[in-house]
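# A structural walkthrough
What follows is the residue order along each chain.
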Amino acid sequence: MSHVIGPTTSPSVPGSDARVAYTPAGLGRGVVPLRPLQAGEILDGAVTAMRAHPGVMLGLSALVVTLGQAVAIPLDYLYLRFLAGLVNDNTTLGSGTGINDLAMLRPGVLLNALVVSLLVGLLVTAVSRAALGRPVTLSLVWKQTRPRLLRLFGLSLLIFVALFGLLILGMVPGLLLAAAGNPAAALVLLLGIGGAAALALNRWVAWSLAAAALVLEDQPVRRALKRSSTLVKGGWWRVVGVSLLALLVSEMIAVVLSVVQEVVVGSNLSPVSQNGDGTFSGHHVSVLYVFLGALFSAAIQSVVSPFAASVMALQYVDRRMRREGLDIQLAMNARAQRRGSAAAGGGPAPGNGPTA
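### Comments concerning the environment of Arg-323
Along the chain, Arg-323 turns up in helix H11 (residues 287-324). Residues Arg-323 and Pro-36 lie 287 residues apart in sequence; the distance between their C-alpha atoms is 9.6 Å. Here the side chain of Arg-323 touches Lys-233 through a polar contact of 2.9 Å, landing on its backbone oxygen.

Listed below in structure tokens is the structure:
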């Protein structure tokens, strides 16, 4: 049996509804029971995986997020200075607020979304081994993911561009009507954003297990997307429900850390400042505050990202067990491996033991 959860040779096992929560022979005690999981067990398993292997989970996350922020710092600095340069004598409260809102979409924020998607693929090996009760080390994780790293980055970038592109396309008709002065522009813009957001959510859920399929099953990018859609099919609402619960927990953690960030950084990342006489001026954000903003962002993502990645990885395991009887196949493989070891050693064949 492989040390990670890969494709099974028999995706359909008779009697797959009669599952029990025991650890099959040959497997250690994992972070979750090897049976279809409840939502609470997935969330608890994600936390348990982080607590059991903090060096790998938090350390790898901190490394990847830090590298991402190192790229984002100069981009954020140039972007915020560009926004500050847009301020002139015609700047009003509305336009100044709009420019500050654009600062929330600085490159570092968008890059974080890509980093989280990449981390799911990097950490899925660690979580899958933890689910089976196998040892988890950084060298083993790197050995498993290194040959797939380029494909994993391509997959993460493709999903990010596709989802972000859908949102942009949904805004185009309304923006064009607004530029032409059409009074229906606001309604069209609202409907376009709503429709695009719904479609983007649907695709995000359908593709949410693609990184796990790519790494654990060694799939190419296109087949990983198709494989994820197949696994999610029939359980879309369940996957989105667990994902939203995980997002809620992540946001609660992020809010606590963001309060500290607000105290330290405050409005120093806002490119527009209002003067006492009612005029506005461009606030040329210093490198120091861009660095502090990136530091807090890296700290938040280093804690939140492993949890989100672990939830996605465990959802992949859960969908495999529900659709393909993966838990039963693992038990059968472990028993066959045990019998083979006993036969090779000349000892008596083991008894039947518990059955799935």
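There is more to say, and it comes next.
### Examining the layout of surface pockets
Taken as a whole, the second largest pocket encloses approximately 390 Å³ of empty space. Forming the walls of the second largest pocket are 17 residues, and the residues nearest its centre are Val-64, Leu-67, Leu-118, Leu-122 and Leu-149. Here the lining of the second largest pocket takes six residues from helix H2 (residues 54-85), the largest share from any one element. Split into classes, the residues belonging to the lining of the second largest pocket amount to 15 nonpolar, two polar and no charged.

### Details of the packing of aromatic side chains
If you walk through the whole model with that rule in mind, you get two aromatic pairs. Between Phe-160 and Phe-164, the ring centres sit 6.0 Å apart and the planes meet at 5°, which makes this aromatic pair stacked. Of this pair, Phe-160 and Phe-164 both sit in helix H6 (residues 149-179), four residues apart, which is roughly one turn of that helix. Given a relative accessible area of 24%, Phe-160 falls into the partly exposed group. Relative to Trp-237, the ring of Trp-236 lies with its centre 4.8 Å away and its plane at 85°, an arrangement referred to as edge-to-face.

### Remarks on the environment of Val-65
Within the secondary structure, Val-65 sits in helix H2. The class of Val-65 is buried, set by a relative accessible area of 1%. Once the C-alpha coordinates of Val-65 and Ser-302 are considered, the two residues, 237 residues apart in sequence, prove to be 6.5 Å apart.

Thresholds applied
- Residues numbered from 1 in each chain as written.
- Predicted model: local features only at pLDDT ≥ 70, side-chain atom pairs only at ≥ 80, totals over all residues.
- Heavy atoms only, no water.
- Helix = DSSP H or I, 4+ residues; strand = E, 2+ residues; numbered from the N terminus.
- Polar contact = N/O pair within 3.5 Å; in protein donor to acceptor, adjacent residues only side chain to side chain.
- 1 Å grid on protein atoms, 1.4 Å probe; cavity = no way out; pocket = protein on both sides within 12 Å on 5 of 7 lines; lining within 4 Å.
- Points joined across faces, edges and corners; volume = space filled by probe spheres on them.
- Nonpolar A, V, L, I, M, F, W, Y, C, P; charged D, E, K, R; others polar.
- Phe/Tyr/Trp six-rings, centres within 6.5 Å; stacked < 30°, edge-to-face > 60°.
- Buried < 20%, exposed > 50% of the residue type's maximum accessible area, 1.4 Å probe, protein only.

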